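# Architecture at a glance
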Amino acid sequence: MKKCWVLGIETSCDETAAAVVENGDRLCSNVISSQMQIHRRFGGVVPEVASRRHVEQITVILQQALDEAGVRQEELSAIAVTQGPGLVGALLIGVAAAKALSFATGVPLVGVHHIAGHIYANHLVKPLRFPLVALVVSGGHTELIHMPEHNRFERLGRTRDDAAGEAYDKVARVLGLPYPGGPEIDRLAKQGTPVIDFPRAWLEPGSLDFSFSGLKSAVINYLHNAEQRGERVAKADLAASFQEAVVEVLTEKAVRAARNKGVHNLVLAGGVSANSALRGSLAARCQREGIHLSSPPLELCTDNAAMIAAAGTYRFLDGERAGLELNAEPNLKLV
Ligand code: KG4
Ligand code: ZN
């Protein structure tokens with residue numbers, strides 16, 4: 001059988017990434033140039049700085065991904081690129097590179113939704129089992145997605161304000177921890193006890209939407225009040241309490257979504273899926289409920305191009321083709 005090699009390109013935020021995936025599920029190369037150190041001193045991603053760095057890195061990273069895979073440009077079956085959502089200036093660099101390569105080689109071009117990519121990160125370890133419900137938790141998104149089969153997405157719930165990762169990053173910032181704050185809080189929480197009863201936003205009965213801005217404000221108020229009273233705050237306990245509030249709601253709603261849909265496969269995806277408490281809580285709960293849980297390996301949780309190549313492969317096999325008019329869509333909708 002002829003091999004299907006797909007080159008993935010991802011530049012939606014602060015990672016310049018390229019990867020080659022064979023037949024949709026075998027990783028041949030996965031190159032990531034992270035800008036984390038550059039943005040760290042600003043306490044968050046600076047869009048203009050990110051775009052400039054992508055321009056400097058993209059051709060080098062693309063070549064490296066092909067070299068490491070041992071695949072020549074003209075041997076590719078398709079070029080899959082993150083079309084959105086994300087920072088428009090950052091997305092544009094990947095989209096322009098993908099279009100240029102497609103034009104020069106005649107290799108077909110496929111646009112990929114970033115969230116679809118995060119879900120397909122799991123497929124690189126074990127084939128996705130359908131129908132499934134995916135809990136997508138990242139710096140920009142918190143969504144529950146139902147997938148009856150490849151390439152078909154139905155949104156069941158989403159955050160009404162902050163994304164889970166955004167809440168982690170903001171709380172970390174007020175605690176004086178470096179960016180990105182998620183892994184820092186995860187680490188700190190392990191040394192603490194969840195003694196503070198922060199609010200859980202369950203919203204209306206039956207709702208599968210999320211809200212994290214109230215929790216974020218409650219943490220900030222707690223810190224300010226303690227400061228005004230001249231009390232010392234046990235930061236590890238605060239981190240553990242905040243994390244417990246986030247994880248409890250995410251776990252409960254993900255399992256509820258699967259039950260509502262009568263689905264026995266739950267997939268965790270996005271940067272926050274690296275969180276140890278969330279992984280542990282979902283694993284325990286799914287075992288009790290008889291639900292099969294897929295969690296991506298840590299190196300595929302945060303942004304990478306392998307996941308874009310994997311998702312792109314199934315779009316390509318479905319007959320999807322993008323023309324050279326393909327444009328970056330900062331607010332691209334999955335459904
Ligand atoms: O998926 P991703 O790399 O980028 C987006 O598409 O947004 O996710 C990045 C987010 C950041 O908010 C970061 O703080 C969070 O994932 N994150 C974590 C952990 N590792 C990364 N949050 C909680 N616990 C972690 N261990
Ligand atoms: Zn992401």
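About the criteria used
Residues numbered from 1 in each chain as written. Chains lettered and ligands numbered in written order. Predicted model: local features only at pLDDT ≥ 70, side-chain atom pairs only at ≥ 80, totals over all residues. Heavy atoms only, no water. Phe/Tyr/Trp six-rings, centres within 6.5 Å; stacked < 30°, edge-to-face > 60°. Helix = DSSP H or I, 4+ residues; strand = E, 2+ residues; numbered from the N terminus. Buried < 20%, exposed > 50% of the residue type's maximum accessible area, 1.4 Å probe, protein only. Near = heavy atom within 4 Å. Polar contact = N/O pair within 3.5 Å; in protein donor to acceptor, adjacent residues only side chain to side chain. Areas by Shrake-Rupley, 256 points an atom, 1.4 Å probe, with all protein chains shown as cover. Nonpolar A, V, L, I, M, F, W, Y, C, P; charged D, E, K, R; others polar. Domains from an automatic or database assignment. Pairing = 2+ DSSP bridges. Axes fitted to C-alpha atoms, helices over the stretch in contact; angles between N-to-C directions. Contact = heavy atoms within 4.5 Å. Core = buried A, V, L, I, M, F, W, Y, C linked by side-chain atoms within 4.5 Å. UniProt positions renumbered as here; feature names shortened; annotations may be inferred. Donors = N, O, S within 2.8 Å, 3.2 Å for Na, K, Ca; no water.

Per the stated rule, a full pass over the model turns up four aromatic pairs. A ring pair is formed by Tyr 120 and Tyr 314, whose centres lie 5.7 Å apart and whose planes are at 25°; its orientation type is stacked. Here Tyr 314 lies in helix α10 (residues 306–317) and Tyr 120 lies in helix α4 (residues 114–120), a separation of 194 residues in the sequence. Side by side, Tyr 120 and Tyr 314 carry an identical accessibility label, which is buried.

Close to ligand 1 lie 19 residues; Gly 139, Asp 169, Asp 186, Gly 271 and Asn 275 are nearest. The backbone of Gly 140 places a nitrogen or oxygen atom 3.2 Å from an oxygen atom of ligand 1. Take Gly 165: an N or O atom from its main chain is 3.2 Å from an oxygen atom of ligand 1. For ligand 1, the accessible surface in isolation is 550 Å², of which the surrounding protein chains cover 89%. Contributing elements (two or more residues each) for the shell around ligand 1: α4, α5 (164–174) and α6 (181–189). Considered class by class, the residues forming the shell around ligand 1 number five nonpolar, 11 polar and three charged. Viewed by domain, the shell around ligand 1 spans two of them, domain 1 (5–120 + 301–317) and domain 2 (129–295), each represented by three or more residues.

Attention shifts here to the sheet that holds strand β8 (residues 154–158). The strand order β8-β7-β6-β9-β10 describes an open sheet built from five strands, whose pairing is mixed. Here the strands that pair on one side only, and so sit at the sheet edges, are β8 and β10 (292–294). If you compare each strand with its neighbour and ignore which way they point, the axes differ by 20° on average. In terms of strand pairing, strand β6 (residues 132–137) meets strand β9 (residues 265–269) through four bridges, oriented parallel. Residue pairing across strands places Val 136 opposite Ala 269, the latter belonging to β9.

Our next topic: the environment of Val 112. Relative to the elements of secondary structure, Val 112 occurs in strand β5 (residues 109–113). Its relative accessible area of 1% is what places Val 112 among the buried residues. The spatial distance from the C-alpha of Val 112 to the C-alpha of Glu 10 is 9.4 Å, given a sequence separation of 102 residues.

Its place among the elements puts Ser 138 in the loop between β6 and β7 (142–147). Counting along the chain gives 27 residues from Ser 138 to Gly 165, while the straight-line C-alpha distance between them is 5.1 Å. Each residue touching Ser 138, except ones within four places of it in the same chain, is listed here: Ala 163, Ala 164, Gly 165, Glu 166, Gly 270, Gly 271 and Val 272.

Quick look at the nonpolar core now. Membership of the largest hydrophobic core comes to 46 residues, with the highest contact counts inside it found for Leu 135, Phe 242 and Leu 250. Elements represented by at least two residues in this core include exactly β6, α5, α6, α7 (213–228), α8 (235–261), β9 and α9 (276–289). The dominant element in this core, judged by the number of residues it contributes, is α8, at 14 residues. Not counting residues within four places of it along the chain, the set of residues in contact with Leu 135 comprises Glu 143, Leu 144, Phe 210, Leu 250, Ala 254, Val 267, Leu 268, Ala 269 and Leu 282. Counting 35 residues, the second largest nonpolar core, distinct from the first, contains Leu 128, Ala 306, Ala 310 and Phe 316.

On to the side chain of Ser 211, then. Mapping Ser 211 onto the fold places it in the loop between α6 and α7. A distance of 2.7 Å separates polar atoms of two side chains, one belonging to Ser 211 and the other to Asp 161. For Ser 211, the contacting residues outside a window of four places in its chain are Thr 159, Asp 161, Ala 201 and Leu 203.

As recorded in UniProt, the sites labelled "domain: Gcp-like" (unreviewed entry) are residues 27–309. Structurally, residues 27–309 comprises 47% helix and 16% strand, and the distance from its first C-alpha atom to its last is 9 Å.

This part covers the coordination of the zinc ion (ligand 2). Protein coordination of the zinc ion (ligand 2) is provided by His 114 (NE2), His 118 (NE2) and Asp 303 (OD), with donor distances spanning 2.0 to 2.1 Å. In primary sequence terms, the donor set of the zinc ion (ligand 2) follows H-x3-H-x184-D. Placement of His 114 in helix α4 and of Asp 303 in the loop between β10 and α10 is noted, with a sequence separation of 189 residues between them. A relative accessible area of 14% places Asp 303 in the buried class.

Moving on, we come to the sheet that holds strand β1 (residues 5–10). The five strands lie next to each other as β3-β2-β1-β4-β5, forming an open sheet whose pairing is mixed. Both edges of this open sheet fall to β3 (26–34) and β5, since each of them pairs with a single strand only. The mean inter-strand angle of the sheet, taken between neighbouring strand axes irrespective of direction, is 20°. Where strand β4 (residues 78–84) and β5 come together, five bridges link them in parallel fashion. Bridging across to β5, Val 81 finds its partner in Gly 111. Contacts from helix α2 (residues 47–69) reach β1, β2 (15–22) and β3 within the one sheet, and its direction differs from that of β2 by about 20°. Across the sheet, α10 touches β1, β2, β3, β4 and β5, and the angle it forms with β5 is around 115°.

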